[in-house]
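Structural overview
Read off the chains here:
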Amino acid sequence: MTILGAIEAGGTKFVCGIGTENGEVLERVSFPTTTPEETMAQVISFFEGKGIEALGVGSFGPIDPIEGSPTYGYITTTPKPHWGQYNVIGKLKEHFDVPMTFDTDVNGAALGEATWGAAQGLESCLYITVGTGIGAGAVVGGKMVHGLSHPEMGHIIVRRHPEDTYEGFCPYHGDCLEGLAAGPAINKRWEQPAYELPADHKAWEIEAHYLAHALMNYVLILSPQKIVMGGGVMKQEHLFPMVRSKLQELLAGYVQHPALQSDIDQYVVSPGLGDNAGLCGSLALAKLALNK
């Protein structure tokens, strides 16, 4: 059995795991994301002696995922203290002489869902996480989308809800999608975390407005065969039907396809891999590294 290592490097916590080429997680551990020195020491300690044959890293960003670039493997312009311009892959290479793949956590999750999850068997899908931040990754033609770097779909500009006066918290763009709809925006706007708000609270209408506007853009630009929505905010399951309904309203019948009409309940879905979406995504990245 081939043993793969997986790292879901989040801005709040790191999740490390051991698994197989079939996406089976055999062992996992998590710990808070503190300084690079402390956090990476825990990562290295976990994998030592495990006999991993490849390693996949899905990281919070922005990052440099372009192989051959001088800063490949770096977390780059993140606002997270201490992690800017940090060489994650370089540090791991000091301890483990195995093939590695480095990408965004959401690109990894999209690949994981396309390999073993809700988008299995499809040529394209989009994975969006709505939590501490908002990010989205895409698989097109069976491959993760890259260009100059990686997609930053959490920072698109969306049309404001007419009743929303919150200025937005993104340190770069203020009222971009992340600045208006990530968990901290909900908390600051309503002075309560998302999980404490009742299902009939005005917050959810506003949240569905922003998320549906984002999905409309993704549908029109990428035309994914499936949209998978994960992250802490999407644990509020009553949000899914609101987002689907608003998305249909915004599209106004322009894109004529059953997936966006009669079958939308099977088009915008929660992760098939559940809470392991990110970790299995990193296993999929490790599998990619092994097969290069």
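Up top you'll find the structure we're talking about.
A brief structural summary. All values reported here derive from a predicted model rather than from experimental measurement.

Counting secondary structure elements, the chain contains eight helices and twelve strands. For 292 residues, the compact-globule formula gives about 19 Å, and the C-alpha radius of gyration of the chain, at 19 Å, lands near that figure. Taking the principal axes of the C-alpha coordinates as reference, the chain spans close to 55 × 40 × 35 Å. Counting over 292 residues, the chain shows a buried share of 52%.

The five strands are arranged 10-9-8-11-12 in an open sheet whose pairing can be described as mixed. Edge positions in the sheet fall to strand 10 (143-144) and strand 12 (268-269), since each has one partner strand and no second. Where strand 8 (residues 125-130) and strand 9 (residues 134-140) come together, six bridges link them in antiparallel fashion. Within the sheet, the bridge partner assigned to Cys-125 lies in strand 9 and is Val-139.

The next point concerns the pattern of salt bridges. For the coordinates displayed, the defined rule picks out ten salt bridges. Arg-160 is paired through a salt bridge with Asp-164; the nearest N and O atoms lie 3.6 Å apart. Given the relative accessible area of 8%, Asp-164 is considered buried. We note a salt bridge from Lys-202 to Glu-205, for which the minimum N-O separation is 2.7 Å. Of this pair, Lys-202 and Glu-205 both sit in helix 6 (residues 202-222), three residues apart, which is roughly one turn of the helix. Here the salt bridges share partners, and the residues they tie into one network are Arg-160, Asp-164, Asp-175 and Arg-189.

What follows covers the packing of aromatic side chains. Tallied over the full model, the rule gives seven aromatic pairs. Ring centres of Phe-60 and Trp-83 lie 5.9 Å apart, and the angle between their planes is 75 degrees; on these two criteria the pair is classed as edge-to-face. You can see Phe-60 sitting in the loop between strand 4 (54-59) and strand 5 (74-75) and its partner Trp-83 sitting in the loop between strand 5 and strand 6 (86-87), a full 23 residues away along the chain. An identical accessibility class is assigned to Phe-60 and Trp-83; each is buried. Geometry around Phe-46 places Lys-50 over its ring, the cationic atom sitting 4.4 Å from the centre.

Residues Leu-211, Met-229 and Val-268 are the most contacted members of the largest nonpolar core, which totals 43 residues. When residues of this core are traced back to their parent elements, those giving at least two are strand 8, strand 9, helix 4 (177-181), helix 5 (183-190), helix 6, strand 11 (227-230) and helix 7 (239-251). Top element by residues in this core is helix 6. It accounts for eleven residues. Formed by 28 residues, the second largest nonpolar core is a distinct cluster that contains Phe-14, Ile-52, Val-88 and Phe-102.

Parameters at a glance
- Residues numbered from 1 in each chain as written.
- Predicted model: local features only at pLDDT ≥ 70, side-chain atom pairs only at ≥ 80, totals over all residues.
- Heavy atoms only, no water.
- Helix = DSSP H or I, 4+ residues; strand = E, 2+ residues; numbered from the N terminus.
- Rg over C-alpha atoms; globule rule 2.2 N^0.38 Å.
- Buried < 20%, exposed > 50% of the residue type's maximum accessible area, 1.4 Å probe, protein only.
- Pairing = 2+ DSSP bridges.
- Salt bridge = Lys/Arg side-chain N within 4 Å of Asp/Glu carboxyl O.
- Phe/Tyr/Trp six-rings, centres within 6.5 Å; stacked < 30°, edge-to-face > 60°.
- Lys NZ or Arg CZ within 6 Å of the ring centre and 35° of its normal.
- Core = buried A, V, L, I, M, F, W, Y, C linked by side-chain atoms within 4.5 Å.

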